[in-house]
Amino acid sequence: MTSPWDPDLAAIVDRMAAAGTGSVREQGVSGIRKTLESIVRPPGPDMCSVTDAVADGLGTPVPVRIYRPHAAPKSGATALVWYHGGGMIMGSLNSFDRLARDLAEATRAVIVNVDYRLAPEHTYPAGNDDAYAALVWTHRVAADLGVDPAKIGVGGDSAGGGLAAATALRSRNEQGPAIAQQVLFYPGVERRRDRPSMREFGDSPFLTAEDIDWMKNLYLGSDSSLDDEYGTPALATDLSGLPPAIIAVGHGDPLRDGIEEFGDRLRAAGVPTAQFRYPGVGHGFAMQAPSVARGRAALAEVGALVAARFAHPVPAADR
């Protein structure tokens, strides 16, 4: 049977199998955190500046790291408030440094990378509160950051993509800061459901069905009847009036069908939505970009569209 993976990605899969690290759930919280933080990635693009700061949180400060690419002007720059992946249980400003640099270079935007609180130490809604607080703070200090407040978007990968979608919903519902666009790489917008992509790729080397259940339960709790649209954005019944969206997912991602359904619902609600499905890759391909050519191509393509949408925004009356 032909491998579903891009040749570059297949080599990574083989190395993972040889290392015998086991699934996310098998490694446990401390083990998977140690694994992620120990990965050595090639240096990312050089930045004009990289600055650590602390955003005002909703009860607790939120560390952020601000990446300004050389292409960003000193004033009036575009910006993405970015939420890293990691299933809401792992990830840091250090382990996602390379992706933040790649995003800044590709989008020509200032990236405000958010170090939100993680489960199981901090359960829902801690991470969501931090995500929203970081958006509010970025708008408040936009002039100090040299950023145009009318050109601030949100984005994230995996669990961070779910946080970005939830932050867009919350800002709309609470009449919060305007969001220019939302950029979602394989976002976690729902709990595991019986879908074709889940059946076909639910034993993926990068994300299994059991991993999804385990991580969701650690952050949201095991009782799904208590979920709301912020913890699980796919539960939102009204997606109208949300910022334009860009959604990217891999063909081999077990979450693929739920993500694409969410994108279809956004479009049906009148939200300008561009969806990309990349062959040969699965969950987490943006993080694998240093080693996987298709991941690099995806970042370049999505980044170019992000930059174009910042330069030529969709008028609010047409949304």
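Rules used throughout
Residue positions are counted from 1 within each chain, in the order its sequence is given. Where totals are concerned, whole chains, interfaces and linings use all residues; where local detail is concerned, this predicted model gives features only for residues with pLDDT of at least 70, and gives and counts side-chain atom pairs only at 80 or more. Excluding hydrogens and water, the side-chain figures rest on all heavy atoms present in the structure. Under the DSSP-based scheme used, a helix requires at least four consecutive residues in state H or I and a strand at least two consecutive residues in state E, with every element numbered from the N terminus. By definition in these notes, contact holds between two residues if any of their heavy atoms fall within 4.5 Å. Computed with a 1.4 Å probe, the accessible areas rest on the Shrake-Rupley method; for each residue, only the protein chains presented here act as cover. For the charge count, each Lys or Arg is scored as positive and each Asp or Glu as negative, with His and the chain ends excluded. Every charge is mapped onto a representative atom, which is NZ of Lys, CZ of Arg, CG of Asp or CD of Glu. Where helices are involved, their axes are fitted lines through C-alpha atoms of the stretch in contact, as for all axes, and angles between N-to-C directions lie from 0 to 180°. Polar here means any residue other than Ala, Val, Leu, Ile, Met, Phe, Trp, Tyr, Cys and Pro, which are nonpolar, and Asp, Glu, Lys and Arg, which are charged; Gly is therefore polar. Salt bridge, as used here: a side-chain nitrogen of Lys or Arg that lies within 4 Å of a carboxyl oxygen of Asp or Glu. For two strands to be treated as a pair, DSSP must find no fewer than two bridges joining them. In plain words, nonpolar cores are sets of buried Ala, Val, Leu, Ile, Met, Phe, Trp, Tyr and Cys residues tied together by side-chain atoms within 4.5 Å. Throughout, exposure labels follow a simple rule: accessible area from a 1.4 Å probe, protein chains only, divided by the maximum for the residue type, with under 20% read as buried, over 50% as exposed, and the rest as partly exposed.

(A) View of the overall build of the chain. When helices and strands are counted, the chain shows 10 helices and eight strands. Principal axes of the C-alpha set define a box for the chain whose edges measure 50 × 45 × 35 Å. Considering only residue pairs separated by 6 or more positions, the chain has 79% of its internal contacts joining residues 24 or more positions apart. As displayed, the chain offers around 13,000 Å² of accessible surface, 53% of which is attributable to carbon and sulfur atoms. Seen as two clouds, the 30 positive and the 38 negative side-chain charges of the chain have centres 3 Å apart.

(B) Region of interest: the packing of helix 2 (residues 24-38) against helix 8 (residues 209-220). Where helix 2 meets helix 8, the closest approach of the two axes is 10 Å, and the angle between their N-to-C directions is 35°. Contacts between helix 2 and helix 8 pair Val 24, Arg 25, Gly 28 and Val 29 from the former with Glu 210, Asp 211, Trp 214, Met 215 and Leu 218 from the latter. Class assignment of the residues belonging to the contact of helix 2 with helix 8 gives a composition of five nonpolar, one polar and three charged.

(C) Expanded view of the pattern of salt bridges. Here the structure, examined in full by the defined rule, presents 18 salt bridges. For the salt bridge of Arg 256 with Asp 257, the shortest nitrogen-to-oxygen distance reads 3.0 Å. Each of Glu 190, Arg 193, Arg 195 and Glu 261 takes part in salt bridges that share partners, so that together they form one network.

(D) Highlighting the sheet that holds strand 7 (residues 245-250). The strand order across the open sheet built from eight strands is 1-2-4-3-5-6-7-8, with neighbouring strands paired in mixed fashion. Whereas interior strands pair on both sides, the edge strands pair on one side only; in this sheet they are strand 1 (49-55) and strand 8 (273-278). Each strand axis lies, on average, 20° off the axis of its neighbour in the sheet, ignoring direction. Across the sheet, helix 10 (residues 293-311) lies against strand 3 (77-83), strand 5 (147-157), strand 6 (182-185), strand 7 and strand 8, angled at about 170° from strand 8, the strand it touches most.

(E) Highlighting the nonpolar core. Formed by 91 residues in total, the largest nonpolar core has its most connected members in Tyr 83 and Phe 185. Considering every element that reaches this core, the biggest residue donor is helix 6 (residues 159-173), with seven residues.

(F) Structural view of the side chain of Lys 216. Considering the arrangement of structural elements, one finds Lys 216 in helix 8. Although Lys 216 lies buried, it forms no salt bridge, and the closest oppositely charged side chain, Asp 227, sits 7.7 Å away as judged by the N-O distance.

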